[in-house]
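# Reading the structure
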Amino acid sequence: MISATRRWLRRNRTPLAVGVGVVGAGYVVTQYVLGKISDARERMSSDRIARENLRRRFEQNQEDCTFTVLALLPTATDNILAELETERITFELQQQKAAKLARNGEPHPSELGSGPPSVTDDDGRSMVSFQSESGVHASQMGIPSATVVGEGPQDGGQQVQKARKTKLQLWNDLKISAITRAFTLIYTLALLTLLTRIQLNLLGRRSYLSSVVSLATGGMEQSTISLENHDDDNSDQAYGNDFETNRQYLTFSWWLLHRGWKQVMLKVEAAVKEVFGGLSIRDDITMQKFSELTLEVRKKVEGATETERQVGRWLEYLLPPRDQEEIVLKESGMTTESSPLDSSNAAPLRRLLDETSDLIDSPPFSHVLTLLLDAGFSTLVDQKVAQQTFKMPALPEVPDLNGPRVTEIVDVKPVKLPIVLATLTRQAHSIGNGMPNEYLQAMEQVRDLEAFAAVVYSSNWENEISPMNDDGGAVLIEKDEPAGPEIAASGSQPSDETVPGQESIVDVGSASTFESAWGKAVETAEKSESKPESS
């Protein structure tokens, strides 16, 4: 039996060897394929987790931007309201009206007569309409009542003529002040929104990169990426004292809140005087006329064409010149004589300020700012003024498919200019101190704002990682995927072969500039919008 088995094995040893080899090779190939599938699955899982962490951090960053704008806006609002005292001018007009009635021995009427209005009667009617529409009263401003205005014999003709000129001048001042204040607040809100988006997304990018780098260089004892700033706990980390740098960087919003808004106001005021200066307080104005005049003001402030808007520079309103940067830090208590901004310790802050300046001067900034201003002025003119002043019905945000297809045509009648000014006076407080702030909500609905923030958050990784390469900490590799950067140990030797879809971020010839990234983002958004339409 044993000899027979040996003879059978001897006769079939070649087929058996081939069979064993095939089975062994199949086992090896199977294990190799299973290993590759497992690696790919782990890589996809890690990429998904990285993308989720990055998305979650980005969304949280945008919420922080909203709360930051709401926290900073009252400071600029108080400065603008203190500079453009529309209520004070209204009170002076009330004083003049009360003084005239007291001289004539007439009681203060609750309503004006129905007779044909003279020049003085028309002014009084405008005053009553403005006061009733705006809800402004002397008792609300902590100012003495108009009944204490001095009385006494006065020369009739000259004094009346002088008072009449003063009254017309006050009405003109009220017109310019009310319009300028509302428009300046919209410009300030839009600029503050964009500046805050730039600042917090630049800092959010630094925080994310810091957590990724610390995870790659610190071993695998930490299983998740930390998205919080623990700079105070570790002052020796590669990014240095980031917490202090962040504080100083955020302090530069002080310029817009205390200096920049005034430059914006002067520019808006000059345009308002040129456009609205020819309107008399007695004139009737239509909704279409007011919209056209508002657009003319915007053209003079921003530029009449797309080219003029792109070449327009907003940097002087948002950041101080280099020779005044120290003043901003000193005003905020962030620096002393012994810690100048030009020192070597201020290099990270200098890079942040330079990148912020480049972003503000870029064409995408002007494009997004125009869209934000479109949303803000649309809320003011097409909604608030149209509904509250011209009594136009509100258009539903979502059309009712089951509703009537025939809509009622509303006859929009012209109104007196003081009624429009009263609405603008009320809306100025809503723009600056409204809770919830409808104007900020309208601006945040602009899709290009989120795209702009995403490009800021995800571009120019090399500016943050380059200092670490000098210390031998890590090498950053950027991929085309949205999962963010990859980190490789600095001691590893780079391969001679170029991996498709990856490139070194420190390559000087890289085309990952902000403008190209913005172009790709806009192109992707346009493609995503065109797909539903074609389907």
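Below, the structure is looked at part by part. (Residues numbered from 1 in each chain as written. Predicted model: local features only at pLDDT ≥ 70, side-chain atom pairs only at ≥ 80, totals over all residues. Heavy atoms only, no water.)

## A few points about the overall build of the chain
- Broken down by element type, the chain carries 18 helices and five strands.
- Counting all 535 residues of the chain, 40% fall into the buried class.
- Pairs at least 24 residues apart make up 84% of the contacts formed inside the chain by residues separated by at least 6 positions. (Helix = DSSP H or I, 4+ residues; strand = E, 2+ residues; numbered from the N terminus. Buried < 20%, exposed > 50% of the residue type's maximum accessible area, 1.4 Å probe, protein only. Contact = heavy atoms within 4.5 Å.)

## Quick look at unusual backbone geometry
- Each neighbour pair has its own omega, and for methionine 435 with proline 436 the value is -5°, a cis peptide bond.
- With respect to the secondary-structure elements, proline 436 resides in the loop between helix H14 (417-433) and helix H15 (438-444).
- Positive phi, close to 55°, is recorded for lysine 391, a residue that is not glycine.
- Looking at where lysine 391 falls in the secondary structure, it is placed in the loop between helix H13 (363-388) and strand S2 (415-416).
- When its relative accessible area of 58% is taken as the criterion, lysine 391 is described as exposed.

## Comments concerning the nonpolar core
- Counting 88 residues, the largest nonpolar core has Phe183, Leu191, Phe276, Phe365 and Leu380 as its most contacted members.
- Here this core gets 20 residues from one element, more than from any other, and that element is helix H5 (residues 156-217).
- When near neighbours in sequence (up to four residues on either side) are disregarded, phenylalanine 276 contacts Lys175, Ile179, Phe183, Phe290, Leu293, Thr294 and Val297.
- If you look at the next biggest cluster of nonpolar residues, it comprises five residues, including Leu54, Phe58, Tyr208 and Ala453. (Core = buried A, V, L, I, M, F, W, Y, C linked by side-chain atoms within 4.5 Å.)

## Thoughts on H13
- Across its 26 residues, H13 extends 36 Å between first and last C-alpha, which sits within 8% of the 38 Å expected from 1.5 Å per residue.
- At serine 378, H13 shows its strongest bend, of approximately 30°. (Expected span 1.5 Å × (residues − 1). Bend = angle between axes of the 7 residues up to and from the residue.)

## Examining the packing of aromatic side chains
- Summed over all chains, the structure comprises seven aromatic pairs.
- Ring geometry for phenylalanine 58 and tyrosine 457: centres 5.6 Å apart, planes at 75°, overall edge-to-face. Of this pair, phenylalanine 58 sits in helix H2 (residues 13-83) while tyrosine 457 sits in helix H16 (residues 447-458), and the two are 399 residues apart along the sequence. Just as phenylalanine 58 is buried, tyrosine 457 falls in that class too.
- Centroid distance tyrosine 187 to tryptophan 314: 6.3 Å. Interplanar angle 25°. Geometry classified as stacked. With tyrosine 187 in helix H5 and tryptophan 314 in the loop between helix H9 (306-311) and helix H10 (315-318), this residue pair connects regions lying 127 residues apart in the sequence. You'll find tyrosine 187 and tryptophan 314 in the same group, each marked buried.
- Feature note: the residues Phe183, Tyr187, Trp314, Tyr317 and Phe377 constitute an aromatic cluster, connected by ring pairs.
- A cation sits over an aromatic face here: lysine 267 above tryptophan 314, 5.5 Å from the ring centre. (Phe/Tyr/Trp six-rings, centres within 6.5 Å; stacked < 30°, edge-to-face > 60°. Lys NZ or Arg CZ within 6 Å of the ring centre and 35° of its normal.)

## Focus on the pattern of salt bridges
- In the structure shown here, the tally under the stated rule is 16 salt bridges.
- Notably, a salt bridge pairs arginine 197 with glutamate 444, separated by 3.8 Å at the nearest N-O pair. Of the two residues, arginine 197 sits in helix H5 while glutamate 444 sits in helix H15, which places them 247 residues apart along the sequence.
- Since its relative accessible area comes to 26%, glutamate 444 is described here as partly exposed. (Salt bridge = Lys/Arg side-chain N within 4 Å of Asp/Glu carboxyl O.)

## A short note on helix H3 (residues 86-103)
- With 18 residues, H3 should cover 26 Å at 1.5 Å per step; its first-to-last C-alpha distance of 26 Å lies within 8% of that length.
- Buried residues of H3: Thr86, Glu87, Ile89, Thr90, Phe91, Leu93, Gln94, Lys97, Ala98, Ala99 and Leu101, and no others.

## Digging into a positive patch on the surface
- A surface patch of positive charge is lined by Arg6, Arg7, Arg10, Arg11 and Arg13.
- No other element matches the four residues that helix H1 (residues 2-11) contributes to the positive patch.
- Note on placement: arginine 10 falls in helix H1. (Patch = residues over 30% accessible without salt bridge, like charges linked within 9 Å, V, L, I, M, F, W, Y side chains within 5 Å. Areas by Shrake-Rupley, 256 points an atom, 1.4 Å probe, with all protein chains shown as cover. Lys, Arg positive; Asp, Glu negative; His and termini not counted. Charge placed at Lys NZ, Arg CZ, Asp CG, Glu CD.)

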